[in-house]
Amino acid sequence: TGAPFAFNSNLTITATDAPSITSTSLRGAFYSCEQLDELPPGFNTWDFSSLTASDAFGFLFGETTGLVSADLSGIQLNSTVGASNMFINSTVETIDCSNVKFGASPFSFQGLDVVSMDFTNSDTSTCTNMASVFTRCLNLKDLDLSSWDTSNVTNILNIFGTTRFDNLNISNWDLSSIPYANPSI
């Protein structure tokens, strides 16, 4: 529990084995680890089944200014897990979220310099909150989210915020569960 590596500006991870995660949350675990230049080895294969907190991935890699890419492909999360501000104000440019099973919300990419994202075969069927997910992603110009299952989503407030796309595909979205009109779509 807690944020065991947060604010460790010189953190270097050399371990190659997957940790045994028994906590219900990893909130802020690597927050502001400024020199972290890659995710922990095999991070996308770790067993996250014990995570049940509603913001278990919140602020996880926020303010990590050394990260350039993030391979999150294949991560499987419980339906209750959220990820608000997961990468807030980080420097990640390329993110692979293919084959991810999201929980209550997709990962949050708010304020990233991201230019490329892959959501091929991602499962968003348990997501209910998609607020601010892509807010202030000013370098992100093309995004295909047409395969996202949004039928259970009740909040998309500011989902795209100030991000301006050249090509955004949300053609198959079902927004019937949203109780309000949203001008950001």
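What you see is a predicted model; the values in this text were computed from it and never measured. (Residues numbered from 1 in each chain as written. Predicted model: local features only at pLDDT ≥ 70, side-chain atom pairs only at ≥ 80, totals over all residues. Heavy atoms only, no water.)

Quick look at the environment of Asp 144
Step number 1: One can find Asp 144 in strand 4 (residues 142-144).
Step number 2: As a C-alpha pair, Asp 144 and Ser 171 span 27 residues in sequence and 9.1 Å in three-dimensional space.
Step number 3: For Asp 144, the side chain forms a polar contact with the side chain of Ser 146, separated by 2.7 Å. (Helix = DSSP H or I, 4+ residues; strand = E, 2+ residues; numbered from the N terminus. Polar contact = N/O pair within 3.5 Å; in protein donor to acceptor, adjacent residues only side chain to side chain.)

Observations concerning the sheet that holds strand 2 (residues 94-96)
Step number 1: Taking strand neighbours across the sheet as the criterion, the three strands line up as 1-2-3 in an open arrangement whose pairing is parallel. Because the sheet does not close on itself, it has two edges, and the strands there are strand 1 (69-71) and strand 3 (116-118). Recorded for the sheet is a direction-independent mean angle of 0 degrees between the axes of neighbouring strands. (Pairing = 2+ DSSP bridges. Axes fitted to C-alpha atoms, helices over the stretch in contact; angles between N-to-C directions.)

Quick look at unusual backbone geometry
Step number 1: Here the phi dihedral of Glu 63 falls at roughly 60 degrees; this positive angle occurs in a residue that is not glycine.
Step number 2: Relative to the assigned elements, Glu 63 resides in the segment before strand 1.
Step number 3: One non-glycine residue, Ser 132, lies in positive phi territory at about 60 degrees.
Step number 4: Along the chain, Ser 132 turns up in the loop between strand 3 and strand 4.

Description of the environment of Asn 167
Step number 1: When you line up the elements, Asn 167 lands in strand 5 (residues 167-169).
Step number 2: Expressed as a C-alpha distance, the spacing of Asn 167 and Lys 141, which sit 26 residues apart in the sequence, is 6.4 Å.
Step number 3: Apart from residues lying up to four places away in sequence, Asn 167 is in contact with Lys 141, Asp 142 and Leu 143. (Contact = heavy atoms within 4.5 Å.)

A word on the packing of aromatic side chains
Step number 1: What the rule picks out here adds up to 25 aromatic pairs.
Step number 2: Measuring from centroid to centroid gives 5.2 Å for Phe 48 and Phe 57, while their planes differ by 85 degrees, and the two rings are edge-to-face. No difference in accessibility class separates Phe 48 from Phe 57, as the two residues are buried.
Step number 3: Aromatic side chains Phe 134 and Trp 148 sit 6.1 Å apart centroid to centroid with 35 degrees between the ring planes, which places their arrangement in the tilted category. Highlighted residues: Phe 134 in the loop between strand 3 and strand 4 and Trp 148 in the loop between strand 4 and strand 5, separated in sequence by 14 residues. Taken individually, Phe 134 and Trp 148 each receive the classification buried, so the pair is uniform in this respect. (Phe/Tyr/Trp six-rings, centres within 6.5 Å; stacked < 30°, edge-to-face > 60°. Buried < 20%, exposed > 50% of the residue type's maximum accessible area, 1.4 Å probe, protein only.)

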